[in-house]
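# Results of the structural survey
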Amino acid sequence: MSDDDLIARLEEQEERLTFDRFDNADAWHLGSLLVDLATGRDLPVAIDIRRGTQQLFHAALPGSTADNDHWILRKVRVVERFAASSYLVGRRLAAKGDALDAKYGVDPGDYAAHGGAFPVRVDGVGVVGVVTVSGLPQADDHALVVEAIEAYLAD
């Protein structure tokens, strides 16, 4: 898949995967769905869901480490700053030959434009939170989050 095709696909996901509302119960149900998907596949991931600055859900599955929590924080900061998934931000930068730290003057120890953090966008409101997975290759982290949100919104 070309960079342009991947970027278009990621943009389409973000336009399509929006919530009517998002509260603590939604975070719990979505997080539980992610845990079920990941444990059913023996995936060594950490899962994090936030609304604003409040962490509403966190799970560290077998095989994940404290380093995954650090990656989560770095990916979340990208979504909070750019109101787009960390994977989309990274792919847009890579397509132009840019790097996040050089282009925006951010510390790479604090920001990671790698897949796995996806914005929680509420219709008529905008981005209110972030769903993040860390522990797999970046495309797989992103795909797991998207799969879970798609399933959650289909219910």
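As a starting point, this report considers the structure included with it.

### Considerations on the packing of aromatic side chains
This model, assessed by the stated rule, comprises four aromatic pairs. Taken together, a centroid distance of 6.2 Å and an interplanar angle of 40° make the contact between Phe19 and Tyr152 tilted. Of this pair, Phe19 sits in the loop between helix H1 (3-16) and helix H2 (24-40) while Tyr152 is found in helix H6 (residues 138-154), placing the two residues 133 residues apart along the sequence. As far as burial versus exposure is concerned, Phe19 and Tyr152 are alike and both buried. Pairing Trp28 with Phe57 gives two aromatic rings, centres 5.5 Å apart and planes at 65°, and the pair type is edge-to-face. Taken together, the positions of Trp28 in helix H2 and Phe57 in strand S2 (residues 54-60) put the pair 29 residues apart, joining distant regions of the chain. In this structure Trp28 comes out as exposed when scored by relative accessible area, which is 52%. On the accessibility criterion, Phe57 (6% relative accessible area) is buried.

### Regarding helix H4 (residues 86-95)
Of the positions making up H4, those classed as buried are Ser86, Tyr87, Leu88, Val89, Gly90 and Leu93. Contact partners of the buried residues in H4: H1, helix H3 (66-82), helix H5 (100-104), strand S3 (117-122) and H6. Positive phi appears at Gly97, one or two residues downstream of H4, with a value of about 75°.

Cut-off values and rules
Every chain begins its residue count from 1, and numbering advances along the sequence as written. For a predicted model such as this one, the threshold for reporting local features is a pLDDT of at least 70, and the threshold for listing and counting side-chain atom pairs is 80 or more; totals across whole chains, interfaces and linings nevertheless cover every residue. Excluded from the side-chain calculations are hydrogens and water; all other atoms, namely the structure's heavy atoms, are used. Classification of ring pairs rests on two measures: the distance between centres of Phe, Tyr or Trp rings, Trp counted by its six-membered ring, which must be within 6.5 Å, and the angle between planes, read as stacked under 30 degrees, edge-to-face over 60 and tilted in between. Elements are defined by DSSP. Helices are runs of H or I of four residues or more, strands are runs of E of two residues or more, and each kind is numbered from the N terminus. Relative accessibility under 20% of the residue-type maximum defines a buried residue, over 50% an exposed one, and the middle range a partly exposed one, all with a 1.4 Å probe and only protein chains included. Contacts: residue pairs with any heavy atoms within 4.5 Å of one another.

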